[in-house]
Amino acid sequence: MGDRKQFGRLTRREAMALAGAAGAAALIDTSALAQGAPKKGGVLKVSANANPSSLDPQTGGAGSDHTMLYPMYDTLVEWDYETLKPKPGLAQWSFPDPQTLVLNIRSGVTFHDGTPLDAEAVKFNFERAKTEQRSNIKADLATVSSIEVTGPQQVTLKLSQPDAALPGILSDRAGMMVSPAAVKANGNIDRKPVGAGAYEFVSWTDNEKLVVKRYEKYWRANERYVDGIEFAIIPEVATGVRSVVAGQNHVAYALPARQKAVLARAPNIQQATGPTVFCVQIYYNW
């Protein structure tokens, strides 16, 4: 999949990144990808294969949520799409010793409600993840025995045992930072998400559509020029594929191999495959 053709400022690689946690195969309507110099504008329309379980990363329980969570929530650690290796996101990390993880938080980052993403906010998120009754990610942070603010933009985690997997874990739900102010004001933010990602929440109609718009104060000022993303919730994959072929949507993802023959005959459609962190689980009935 090439990177030169773009939809607004969103490259095709970035479009795939939206679906990267949900599956390795996707199709893209190339007629929607603008030519020439990048400029702001346009709405990316995605055929999403499931209704979110929650828009709070700590309380949701479906792997399919990630396609909609990643645009709204930046993570402390990110991963390279080509190698799947962890890299700095909202934080740089280091292990001074095997049982200590130090996170240095980027300065100048704000949540969508304008509040700062600082060390206190990160500590709040970790404590909430470990103690909130509805948290589904307690096990992700099981080795974290204490959380200490050691500077305005620094958090130090003491571990009960060495945990080299922790940076990778912080590229997933445990590293998605939510606004402490929003949680304190609303309690349940399953349907009122406030993150620090490139796009902020607009609306969610169950089993129909989720809409996000570009966050104008995003810390990566020269990225994500697309005005917004509309996720049309279409659980039936074949229907989602037809919506792209018909031009109603621009992207569909997590496609089964049986769709290849159909797509091969469709004009203006590009198929793409790539590495994924999506897990396929098989359970044996003994």
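Preceding this section is the structure that the text describes.
Residues numbered from 1 in each chain as written. Predicted model: local features only at pLDDT ≥ 70, side-chain atom pairs only at ≥ 80, totals over all residues. Heavy atoms only, no water.

*Asks:* For the overall build of the chain, give the residues involved together with the corresponding values.
*Replies:* Broken down by element type, the chain carries 7 helices and 15 strands. Counting every position in the chain, which comprises 286 residues, the buried fraction comes to 49%. The long-range share in the chain, meaning contacts at least 24 apart out of those at least 6 apart in sequence, stands at 64%. Just so you have it, the chain exposes about 13500 Å², and 51% of that area is on carbon and sulfur atoms. (Helix = DSSP H or I, 4+ residues; strand = E, 2+ residues; numbered from the N terminus. Buried < 20%, exposed > 50% of the residue type's maximum accessible area, 1.4 Å probe, protein only. Contact = heavy atoms within 4.5 Å. Areas by Shrake-Rupley, 256 points an atom, 1.4 Å probe, with all protein chains shown as cover.)

*Asks:* So what about the pattern of salt bridges? Which residues, and what values?
*Replies:* It is possible for side chains of opposite charge to pair when their charged atoms get near one another. If you walk through the whole model with that rule in mind, you get 10 salt bridges. Here Arg173 ties to Asp65 by a salt bridge, and the two come within 3.0 Å at their closest N and O atoms. On the criterion of sequence distance, the pair formed by Arg173 in the loop between α4 (166-169) and α5 (180-186) and Asp65 in the loop between β4 (43-48) and α2 (66-72) is long-range, its members being 108 residues apart. Classification of Asp65 as buried rests on a relative accessible area of 1%. (Salt bridge = Lys/Arg side-chain N within 4 Å of Asp/Glu carboxyl O.)

*Asks:* An account of the nonpolar core is needed here, citing residue identities and associated values.
*Replies:* Counting 29 residues, the largest nonpolar core has Leu76, Leu103, Leu117, Phe126, Leu157 and Leu170 as its most contacted members. For this core, the secondary structure elements donating two or more residues are β8 (100-105), α3 (119-131), β9 (144-151) and β10 (154-159). Leu103 has contacts with Leu76, Ala91, Gln92, Trp93, Phe126, Gln153, Gln154, Val155, Leu157 and Leu170, leaving out every residue within four places of it along the chain. By size, the runner-up hydrophobic cluster in this structure holds 28 residues, among which are Met72, Val178, Trp204 and Val226. (Core = buried A, V, L, I, M, F, W, Y, C linked by side-chain atoms within 4.5 Å.)

*Asks:* Which residues make up the pairing of strand β11 (residues 199-205), and what values do they have?
*Replies:* Here β11 runs beside strand β12 (residues 209-214); their pairing, made up of 6 bridges, is antiparallel. Of the residues in β12, the one forming a bridge with Tyr199 is Arg214. Between β11 and β12, which pair antiparallel one after the other, the connecting turn spans 3 residues, and Asn207 there sits at a positive phi close to 60 degrees. (Pairing = 2+ DSSP bridges.)

*Asks:* Describe the pairing of β12, listing the residues and the values that go with them.
*Replies:* Sheet analysis places β12 next to strand β13 (residues 228-233), joined by 5 bridges and oriented antiparallel. From the neighbouring strand, Lys213 faces β13, where its bridge partner is Gly228.

*Asks:* I'd like to hear about α3, residue by residue, with values.
*Replies:* Its 13 residues give α3 an end-to-end C-alpha distance of 18 Å, which sits within 8% of 18 Å, the value for a rise of 1.5 Å per residue. Among the residues making up α3, those that are buried are Ala119, Ala121, Val122, Asn125, Phe126, Arg128 and Ala129. Turning to α3, the residues buried within the fold contact β8, β9, β10 and α5. The N-cap residue of α3 is Asp118: its side-chain oxygen and the backbone nitrogen of Glu120 are 3.3 Å apart. (Expected span 1.5 Å × (residues − 1). Polar contact = N/O pair within 3.5 Å; in protein donor to acceptor, adjacent residues only side chain to side chain.)

*Asks:* So what about the sheet that holds β10? Which residues, and what values?
*Replies:* The 4 strands lie next to each other as β7-β8-β10-β9, forming an open sheet whose pairing is antiparallel. The open sheet terminates on both sides in strands that have one partner only, identified here as β7 (91-97) and β9. Taking each pair of neighbouring strands and ignoring which way they run, the sheet shows an average axis angle of 20 degrees. Here 6 bridges tie β9 to β10, and the two strands are oriented antiparallel to one another. When the sheet's bridge partners are listed, Val149 is paired in β10 with Val155. Lying on the sheet, α3 is in contact with β8, β9 and β10; it crosses β9 at an angle near 170 degrees. (Axes fitted to C-alpha atoms, helices over the stretch in contact; angles between N-to-C directions.)

*Asks:* Mind laying out the environment of Asp113, listing which residues take part and the relevant values?
*Replies:* Relative to the helices and strands, Asp113 is located in the loop between β8 and α3. Excluding its chain neighbours within four sequence positions, the residues that come into contact with Asp113 are Ser179, Ala181, Ala182 and Val194. One polar contact links Asp113 to Thr115, side chain to side chain, over a distance of 2.6 Å.

*Asks:* Account for the packing of aromatic side chains, naming residues and giving values.
*Replies:* Under the counting rule described, the total for this entry stands at 2 aromatic pairs. Both rings, one in Tyr284 and one in Trp286, keep their centres 6.2 Å apart while their planes meet at 40 degrees; by these two values the pair is tilted. Pair check on accessibility: Tyr284 and Trp286 agree, each one exposed. The ring of Tyr225 carries Lys40 above its face, with NZ or CZ at 5.5 Å from the centroid. (Phe/Tyr/Trp six-rings, centres within 6.5 Å; stacked < 30°, edge-to-face > 60°. Lys NZ or Arg CZ within 6 Å of the ring centre and 35° of its normal.)

These values are about where atoms sit, not about what they do.
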